[in-house]
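# Structural overview
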Amino acid sequence: MSAEHAETPLLAPLPLKTIGDIRAALRSGHGFPGDQETFEADLQRALEASSETDLDAVAAVIVDYRGRIRLYQDPDFDIAIQEGLDLTAQLKQKDSSA
């Protein structure tokens, strides 16, 4: 484990139990760029497609965005993204030199 990784502060998880919690987290900048707008659009589409007794589509949207917010908060996420970008660059470099 590198010193940089060991010094990464752990954030307390956001309370994401309600739609209001998810909206507040997205307004505060948690989540990926554009998530605040797409959450509202996805939620609206899910509500329109749902019946009064079947809200599975709405629940799926809530679970999806809750996961996005938690993923974005994970301090290891940026490291994993950078590793993926580095690997992609190496593979492209090998491919172009072959």
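See the structure above.
Below is a summary of the structure that appears in this document. Predicted, not measured: the structure shown is a model, and the values here were computed from it.

Reading the values: rules and limits
Residues numbered from 1 in each chain as written. Predicted model: local features only at pLDDT ≥ 70, side-chain atom pairs only at ≥ 80, totals over all residues. Heavy atoms only, no water. Helix = DSSP H or I, 4+ residues; strand = E, 2+ residues; numbered from the N terminus. Buried < 20%, exposed > 50% of the residue type's maximum accessible area, 1.4 Å probe, protein only. Contact = heavy atoms within 4.5 Å. Areas by Shrake-Rupley, 256 points an atom, 1.4 Å probe, with all protein chains shown as cover. Core = buried A, V, L, I, M, F, W, Y, C linked by side-chain atoms within 4.5 Å. Axes fitted to C-alpha atoms, helices over the stretch in contact; angles between N-to-C directions. Parallel < 35°, antiparallel > 145°, perpendicular 65-115°, else oblique. Nonpolar A, V, L, I, M, F, W, Y, C, P; charged D, E, K, R; others polar. Phe/Tyr/Trp six-rings, centres within 6.5 Å; stacked < 30°, edge-to-face > 60°. Lys NZ or Arg CZ within 6 Å of the ring centre and 35° of its normal.

### A look at the overall build of the protein
For the protein, the helix and strand inventory stands at five helices and zero strands. The order of α-helices and β-strands along the protein, N terminus first, is α-α-α-α-α. A burial count over the protein gives 17% of its 98 residues as buried. At a minimum sequence separation of 6, the contacts of the protein that also span at least 24 residues come to 60%. When the accessible surface of the protein is split by element, carbon and sulfur atoms take 56% of a total near 7,200 Å².

### Let's talk about the nonpolar core
Counting residues in each nonpolar core, the largest one holds 12 residues, listed as L16, I22, A25, L26, F39, L43, A46, V58, V61, I62, Y65 and I69. If you list the elements that add at least two residues to this core, you get α2 (19-27), α3 (35-49) and α4 (56-73). With five residues, α4 is the largest single contributor of residues to this core.

### A word on the side chain of D35
Within the secondary structure layout, D35 lies in helix α3. Judged by relative accessible area, which is 3%, D35 ranks as buried.

### Some remarks on the environment of G67
The topology assignment puts G67 in helix α4. Sequence-wise, G67 and G31 are 36 residues apart; in three dimensions their C-alpha atoms are separated by 9.0 Å.

### Considerations on the packing of α2 against α3
What describes two packed helices is the angle between their axes and the distance between those same axes. At their nearest, the axes of α2 and α3 sit 9 Å apart, and the two run at 155° to each other. Taken together, the axis directions place α2 and α3 in an arrangement best described as roughly antiparallel. Of α3, the residues touching α2 (which contributes I19, I22, R23, L26 and R27) are D35, Q36, F39, E40 and L43. Residue composition of the contact of α2 with α3, grouped by class: five nonpolar, one polar and four charged.

### A short note on the packing of aromatic side chains
Evaluation of the coordinates by the stated rule reveals three aromatic pairs. When the centroid spacing of 5.5 Å and the interplanar angle of 65° are considered together, the rings of F32 and F77 count as edge-to-face. Pair noted here: F32 is in the loop between α2 and α3 and F77 is in helix α5 (residues 75-97), with a separation of 45 residues, a long-range link. The class of F77 is buried, set by a relative accessible area of 17%. For the ring pair F39 and Y65, a centre distance of 5.1 Å and an interplane angle of 70° mean the geometry is edge-to-face. Of this pair, F39 sits in helix α3 while Y65 sits in helix α4, and the two are 26 residues apart along the sequence. What makes Y65 buried here is its relative accessible area of 1%. Ring pairs connect the aromatic residues F32, Y72 and F77, which therefore count as one cluster. Against the face of Y65 rests R68, its NZ or CZ located 4.3 Å from the ring centre.

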